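Descriptive structure summary
In case you want the letters, here they are:
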Amino acid sequence: MLKITILGSGTATPDLHRNASGLIIQTGATTMSVDMGPGILRRMCEASIDPKSIDIILLTHFHADHVSDVAPFLFASNYAYGPMRIDPFRLVGPRGLEQFFAALVLAYGHWIVPSNDRLIRHELDADGEDEISVSDIVIRSIPAAHTHPSLSYRLEHEGMSVTISGDTDVSENLVKLASDTDLFICECSLPGRLKTPGHLVPAEAGTMARRANAKKLVLTHFYPPCDETDVVQEAAAEFTGEIVRAHDHLVLEV
Ligand SMILES: [Zn+2]
Ligand SMILES: [Zn+2]
């Protein structure tokens, strides 16, 4: 079973109810954070998810609303009060991750480098399909139609799958990656009338869910106009399966 907790269903817009991007995936043995935007550590505490339990931080891309809590997380790995996490943990993302990490160290110093070589970093191909297995989760990646580098991910565990679009525009890669997926968590930045290149509107998310034959569609990554629109109805014009409008602290299981 995969347990998914949406911690941030929002974007770059500061918003009391929709935190910037981040979600937690838990199996019995592994806890993974997919993206870690500003405020995600606080949302983790609200959800009673101990930051020390995080085994993998998986990043879709390097926009600040998706990665700004990585540095405080690393700092806490050394200096949070109380017993430290002893086991190694991983930072995984597209090629460019090493450059991002080096820039963080330049800005924040050695204080954020986890002691005793606990941090394992892994770059995935930014231009083609890639795959890595960590503990009991297989992570498949494919380039997204957003900034370069940006990745979409499919996570597989015990025959179940969750596909996470990350930020993207319409993407044949993503349709392929999400094929027959149990849960398709798809960005939906703006309503149809406000289509913006590099992001999706509900009908586009719905079309990709239908073409991928996804079992269930979760819409997330909402700019404020989405809260004045029935985004589920817009997506339902294209996808007849179950559609969920994400909110912070939404918990799903597959
Ligand atoms: Zn974003
Ligand atoms: Zn972005």
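Throughout what follows, the structure given in this document is the object of discussion. For every chain, the first residue of its written sequence is number 1, and the numbers climb from 1 along that sequence. Here every chain gets a letter starting at A, and every ligand a number starting at 1, in the order they are written. Local features are withheld for residues below a pLDDT of 70 in this predicted model, meaning they are given only at 70 or higher, and side-chain atom pairs are given and counted only at 80 or more; totals for whole chains, interfaces and linings count all residues. By convention in this description, side-chain values take in all heavy atoms of the structure and omit both hydrogens and water.

Looking now at the coordination of the zinc ion (ligand 2). Within the protein, His61 (NE2), His63 (ND1), His146 (NE2) and Asp167 (OD) serve as the donor atoms for the zinc ion (ligand 2), at 2.1 to 2.4 Å. Each metal's donors are the N, O and S atoms found within 2.8 Å of it, except that Na, K and Ca use a 3.2 Å limit; water is left out, so coordination can look incomplete. In short, tetrahedral needs four donors with all angles between 85 and 135 degrees, square planar needs four and octahedral six donors with opposite donors over 155 degrees apart and all other angles between 65 and 115, and whatever is left is irregular. Given 4 donor atoms and angles of 93 to 162° at the metal, the environment of the zinc ion (ligand 2) is assigned as irregular. Along the chain, the residues donating to the zinc ion (ligand 2) fall in the pattern H-x1-H-x82-H-x20-D. In this model, the zinc ion (ligand 2) sits 3.6 Å from the zinc ion (ligand 1), the two metals being bridged by Asp167.

So, about the pattern of salt bridges. We define a salt bridge as a contact between a side-chain nitrogen of Lys or Arg and a carboxyl oxygen of Asp or Glu at a distance within 4 Å. The final tally for this structure, using the stated rule, is 20 salt bridges. The salt bridge involving Asp55 is made with Arg85; its shortest N-O contact spans 2.9 Å. Linking Asp55 in the loop between helix H1 (40-46) and strand E4 (56-58) with Arg85 in the loop between helix H3 (70-79) and strand E5 (89-94), this pair joins segments that are 30 residues apart in sequence. The exposure class of Arg85 is buried, given its relative accessible area of 15%. The salt bridge involving Lys195 is made with Glu204; its shortest N-O contact spans 2.9 Å. Burial classes: relative accessible area under 20% of the type maximum marks a residue as buried, over 50% as exposed, and values in between as partly exposed (1.4 Å probe, protein chains only). The buried category is assigned to Glu204, whose relative accessible area is 19%. Starting at the N terminus, helices and strands are each numbered in turn, a helix being any DSSP run of H or I of at least four residues and a strand any DSSP run of E of at least two.

We call a pair of cysteine sulfur atoms a disulfide whenever their separation is within 2.5 Å. Overall, the coordinates contain 0 disulfides when judged by the stated rule. Cysteine Cys188 remains unbridged, with the sulfur of Cys226 as its closest cysteine sulfur at 4.7 Å.

Let's shift gears to helix H4 (residues 97-108). When the terminal C-alpha atoms of H4 are compared, their 16 Å separation across 12 residues agrees well with the 16 Å that a helix rising 1.5 Å per residue should span. Those residues of H4 that fall on the buried side of the exposure criterion are Leu97, Phe100, Phe101 and Leu104. Seen from one end, H4 has its buried residues packed into an arc of 95°, which puts them on one side. Opposite the buried face of H4, at more than 90 degrees from it, the exposed residues are Gln99 and Leu106. Helices are assigned an expected span. That span is 1.5 Å times one less than the residue count. Within this analysis, the arc is defined by the directions that extend from the helix axis to the C-beta atoms.

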